[in-house]
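Residue-level structure breakdown
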Amino acid sequence: MRRFYDIHMHVMTLEHPSLVPFLTGKSEAGDFVKSGMLSPSFILGGRNLRSGTLAHSLGNLLQCMTGPLERILALLERDLKGAFTHRSADTRYPALPFWRKGTFWMRGKSYDRVVLCPLLMDFSEDPRELDQLYYEAPVEDRIFRYADEMLEAMRNYKRNRQDEWIFDILPFIGITPHVHTEKEVERLLGYLEKGFVGVKVYPPLGFNPWPKERQERRKVEMIYDHCQWHKVPIITHCDDQGFRLVPYQSAWKWSRPHGWAQVLANYPELKIDFAHFGTAYAIQNQNLRAVTGQGLSSLWSQELLELMHRYPNVYGDLSYSGTSPLFYQKLHMSLANEEEAIKDRILFGSDWSINLMKIESYSAYLELFEESPFSDRDIKHFAVTNPERFLNISAT
């Protein structure tokens, strides 16, 4: 069976994020601006500069976070079939739907299924984030409920379509260790025997890859020990933005590739994907940038390439960054002189539905990927061959 892989996307409702800690965080005044959230290259740029478009983008995103989860999967399925025609005039769309005649099409090749890898975010709440509020609120281990909902949605999706489904769904379980006990971390790892195929970690939520505290170190080592021994893939957030519950300095320190140096020194066979290919948006982040000719300008991207040269199981994905044609052009230039072994560890990802803050639809994102300057061989490797190796799936 021929399958096309989206290694990095999200299926979540508005019930899943922990919005209270996000809105009442303890960051200093001006932290939001200093972090680069308002950088023109992140959200406040391109189509979102036009009057009303930013609100349209936000509304479009919220429409795709209205549950239940199987409703969101059905929405994505209809998008691939070309059901939505109210499109922005300046957005590129394929002449024909990506899913037609019973198969998915990309660069003239057909695929029997699209494999979605929903990355579950562990928004479980730390009681310390809520202890200053007047009204008490129950602290929730949100990830367990979220994971069970995803498993049920996967069953319902196939049951409702019998043998005619479009998507194979291979989710990653989110783990934010500092809000859990060791027993809870072990319980979360147990989802890898229930249908989940990997682990998702997210430094801006407070995931420190190599904490100094002995108890916290033990919890992350539980994850690394399990994943390296069982060859379970990990995906970590790797750009300087995101849903942040810690000061931006900590988020940057733990998100950048060099923040994982100690981890890889101790676990050199760990299979890990650095999401977004290390894109840096922050205006004040000049100390994290490097001039690299016509190629990628983020020092984080260069750090990632260094790790890829050093460790054979380090990968990078294209999620969210691929909302810009310029990203593909710069990446293509940067890889022109790289050995094929580096291209063999690049993964296609969309970051849908979060990417709707920057692009109108899943189909529009796929169109940019199809129009990128990469060869047909590269496209197939990014979206088929490399993901199968990353996920330990036999070639089809």
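Residues numbered from 1 in each chain as written. Predicted model: local features only at pLDDT ≥ 70, side-chain atom pairs only at ≥ 80, totals over all residues. Heavy atoms only, no water.

Tallied over the entire structure, the rule returns 21 aromatic pairs. Between Phe-104 and Tyr-111, the aromatic rings sit 6.4 Å apart at their centres with planes inclined by 50°, giving tilted as the arrangement. The buried category is assigned to Tyr-111, whose relative accessible area is 6%. On the numbers, 4.4 Å between centres and 35° between planes, the contact of Phe-348 with Phe-369 is tilted. With Phe-348 in the loop between strand 12 (346-347) and helix 13 (362-371) and Phe-369 in helix 13, this residue pair connects regions lying 21 residues apart in the sequence. On the accessibility criterion, Phe-369 (0% relative accessible area) is buried. Connected via pairs of aromatic rings, a cluster forms that spans Phe-4, Phe-98, Phe-104, Tyr-111, Phe-327, Tyr-328, Phe-348, Tyr-365 and Phe-369. Above the ring of Phe-144, the side-chain terminus of Arg-187 is found at 3.8 Å from the ring centroid. Above the ring of Tyr-191, the side-chain terminus of Lys-194 is found at 4.4 Å from the ring centroid. (Phe/Tyr/Trp six-rings, centres within 6.5 Å; stacked < 30°, edge-to-face > 60°. Buried < 20%, exposed > 50% of the residue type's maximum accessible area, 1.4 Å probe, protein only. Helix = DSSP H or I, 4+ residues; strand = E, 2+ residues; numbered from the N terminus. Lys NZ or Arg CZ within 6 Å of the ring centre and 35° of its normal.)

A few words now on the confidence of the model for the chain. Model confidence for the chain is summarised by a mean pLDDT of 88, while 84% of its residues fall at 70 or above. In the predicted structure, residues 283-294 sits below a pLDDT of 50 and forms 25 contacts with residues beyond four places in sequence or in another chain. (pLDDT = per-residue confidence, 0-100. Contact = heavy atoms within 4.5 Å.)

Another aspect to go through is the sheet that holds strand 6 (residues 167-169). With parallel pairing, three strands are arranged side by side in an open sheet as 1-5-6. Each edge of the sheet is formed by a strand with only one pairing partner; in this case those strands are strand 1 (3-9) and strand 6. Direction aside, the axes of adjacent strands within the sheet are offset by 25° on average. Most of the contacts of helix 4 (residues 69-80) go to strand 6, to which it runs at about 145°, and overall it touches strand 1, strand 5 (113-118) and strand 6. (Pairing = 2+ DSSP bridges. Axes fitted to C-alpha atoms, helices over the stretch in contact; angles between N-to-C directions.)

This paragraph deals with the environment of Trp-210. Considering the arrangement of structural elements, one finds Trp-210 in the loop between strand 8 (198-201) and helix 7 (214-230). Note on Trp-210: relative accessible area 15%, which makes it buried. Linking Trp-210 and Ala-261, residues 51 residues apart in sequence, is a C-alpha distance of 9.0 Å. Ignoring anything within four residues of it in the chain, the contact list for Trp-210 reads Arg-217, Glu-221, Tyr-224, Gln-262, Val-263, Asn-266 and Tyr-267.

Most of strand 5 is tucked away, with six of its six residues classed as buried. Of the two faces of strand 5, the one holding Arg-113, Val-115 and Cys-117 and the one holding Val-114, Leu-116 and Pro-118 are both buried throughout.

This brings us to a nonpolar patch on the surface. On the surface, a nonpolar cluster with roughly 240 Å² of combined accessible area is contributed by Leu-14, Leu-58 and Leu-62. Mapped onto the elements of the fold, Leu-14 is located in the loop between strand 1 and helix 1 (19-23). When its relative accessible area of 44% is taken as the criterion, Leu-14 is described as partly exposed. (Patch = residues over 30% accessible without salt bridge, like charges linked within 9 Å, V, L, I, M, F, W, Y side chains within 5 Å. Areas by Shrake-Rupley, 256 points an atom, 1.4 Å probe, with all protein chains shown as cover. Salt bridge = Lys/Arg side-chain N within 4 Å of Asp/Glu carboxyl O.)

Direction vectors running N to C along helix 4 and helix 13 enclose 50°, while the axes themselves pass 8 Å from each other. By the angle between their directions, the pair helix 4 and helix 13 is classed as oblique. On helix 13, the residues that touch Leu-76, Asp-79 and Leu-80 of helix 4 are Tyr-362, Ser-363 and Leu-366. The class makeup of the residues in the contact of helix 4 with helix 13 is four nonpolar, one polar and one charged. (Parallel < 35°, antiparallel > 145°, perpendicular 65-115°, else oblique. Nonpolar A, V, L, I, M, F, W, Y, C, P; charged D, E, K, R; others polar.)

Time to look at the environment of Ser-334. Locating Ser-334 in the fold gives a position in helix 11 (residues 325-334). Residue classification places Ser-334 among the buried residues on the basis of a relative accessible area of 17%. As for Ser-334 and Ser-301, which are separated by 33 residues in sequence, their C-alpha atoms are 9.9 Å apart.

What follows concerns the nonpolar core. The biggest cluster of nonpolar side chains holds 104 residues, and the ones touching the most others in it are Phe-4, Leu-80, Phe-104, Val-199, Tyr-224 and Phe-369. In terms of residue count, helix 5 (residues 142-161) provides more of this core than any other element does, nine residues in total. Ignoring anything within four residues of it in the chain, the contact list for Leu-80 reads Pro-97, Phe-98, Trp-99, Phe-104, Val-114, Ile-166, Phe-167, Tyr-362, Ser-363 and Leu-366. (Core = buried A, V, L, I, M, F, W, Y, C linked by side-chain atoms within 4.5 Å.)

For the bond from Gly-67 to Pro-68, the omega torsion is 10°, close enough to zero to count as cis. Mapping Pro-68 onto the fold places it in the loop between helix 3 (53-63) and helix 4. Residue Ser-353 follows Trp-352 across a cis peptide bond; omega there is 0°. Within the secondary structure layout, Ser-353 lies in the loop between strand 12 and helix 13. Here Arg-107, not a glycine, exhibits a phi torsion of approximately 55°, which is positive. With respect to the helices and strands, the residue Arg-107 is situated in the loop between strand 3 (103-106) and strand 4 (109-111). In the Ramachandran plot, His-276 falls in the positive-phi region, its phi being about 65° despite a non-glycine side chain. Assessed through its relative accessible area of 3%, His-276 is described here as buried.

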